[in-house]
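Examining the three-dimensional arrangement
Residue strings, one per chain:
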Amino acid sequence: MTVGQHSLLPIQIRIQNKPDYIEDYTLIVFDYDEPEQSMDFFTPPTQSLPPHGQAHLKLGGEPVEIQIKGAPGIEKAIAHLHTRFTGDINDLVIPYRGRHAIGNADLYFMSISFVTSEGYPSITAEQVPLWINQGAKCALGKKGNWPDDLYRNIRYTPVLRPTDDPNEFTLEISCWMRVQHPFL
């Protein structure tokens, strides 16, 4: 199948293999002469669940408690947006360099910890990278990090959203906790 690299042509093909035609082949040529579509036509519909919690953060401000709803085992998160990266890209660790180079978007760092439904505080992740309107897949916690010595791993996706004030943001957090029974 050949499609123009920049055509933005949406394609859907359904093939049904029938035993009678195993040794045959079929050549299909698409000739697309439809009028040009708006860019909305090429944006697939997506559905996402609302975040489990959100709060307003001020760059360099005080840590903020974020109440978590709909994530069993997690009561709240405590987040602190402490730094905006303004240095040389070579000062970043290698995995961040490539992502930062895409569009040269602003990069921020936050610290975050969670509190479980039992009231146990997690360890604190001190340098969580955040790019505006881009989710980052993160995780923290393991066996030995909790007072009852159970294995708990909190996976979370923070998304930093801009506001009208360049130093204030909305942080959205989606999270879930994996727990393993101590005898497994």
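Quick notes on the rules
Chains are numbered independently. Their residues run from 1 in the order of the written sequence. Local features in this predicted model are restricted to residues whose pLDDT is 70 or higher, and side-chain atom pairs enter the listing and the counts only when it is 80 or higher, whereas totals over whole chains, interfaces and linings include all residues. Here the side-chain values reflect all heavy atoms present in the structure, with hydrogen atoms and water set aside. Counting from the N terminus, the helices are the DSSP runs of H or I reaching at least four residues and the strands are the DSSP runs of E reaching at least two. The buried label applies to any residue whose accessible area, calculated with a 1.4 Å probe on protein chains only, is under 20% of its type's maximum; exposed applies above 50%, and partly exposed to all values in between. To be clear on the numbers: accessible area is Shrake-Rupley with a 1.4 Å probe, and residue cover counts the displayed protein chains and nothing else. Two strands pair if DSSP finds at least two bridges between them. By salt bridge we mean one thing: a side-chain nitrogen of Lys or Arg within 4 Å of a carboxyl oxygen of Asp or Glu. A residue's pLDDT is the predictor's confidence in that residue, given on a scale from 0 to 100. For our purposes a nonpolar core is just a set of buried Ala, Val, Leu, Ile, Met, Phe, Trp, Tyr and Cys residues, chained together by side-chain atoms within 4.5 Å. Any two residues whose heavy atoms approach within 4.5 Å at even a single point are treated as in contact.

1. Section: the overall build of the protein
Across its full length, the protein carries one helix and eight strands. Put simply, the protein has 184 residues, and 28% of those count as buried. When the accessible surface of the protein is split by element, carbon and sulfur atoms take 52% of a total near 13,300 Å².

2. Examining the pairing of strand 4 (residues 107-116)
With ten of ten residues buried, strand 4 lies mostly within the body of the structure. Alternating positions in strand 4 separate into two faces, L107, F109, S111, S113 and V115 on one and Y108, M110, I112, F114 and T116 on the other, with burial throughout. Note that strand 3 (residues 74-84) and strand 4 share nine bridges and pair antiparallel. Across the sheet, T83 pairs through a bridge with F109, a residue of strand 4. As judged from the five bridges shared by strand 4 and strand 5 (residues 125-131), these two strands associate in the antiparallel manner. Counterpart to L107 in the pairing with strand 5 is W131.

3. Overview of the pattern of salt bridges
Evaluation of the coordinates by the stated rule reveals seven salt bridges. A salt bridge links K58 to E168; the shortest N-O distance between them is 3.8 Å. Residue K58 is located in strand 1 (residues 53-58), and its partner E168 is located in strand 8 (residues 168-180); the two are separated by 110 residues in the primary sequence. On the basis of relative accessible area, E168 is assigned to the partly exposed category, the value being 32%.

4. Considerations on the confidence of the model for the protein
Averaged over every residue, the pLDDT of the protein is 81; the share at 70 or more is 68%. Averaged over each element, pLDDT in the protein is lowest for helix 1 (residues 94-101) (66) and highest for strand 2 (residues 64-67) (97).

5. Description of the nonpolar core
Among the nonpolar cores identified, the biggest contains 28 residues, and I112, F114, Y156, L171 and I173 are the most heavily contacted of them. Elements with a contribution of two residues or more to this core: strand 1, strand 3, strand 4, strand 5, strand 6 (138-140), strand 7 (151-162) and strand 8. The element that contributes the greatest number of residues to this core is strand 8, accounting for five residues. Excluding its chain neighbours within four sequence positions, the residues that come into contact with Y156 are I112, F114, A125, V128, A136, K137, C138, A139, L140, I173, S174 and C175.

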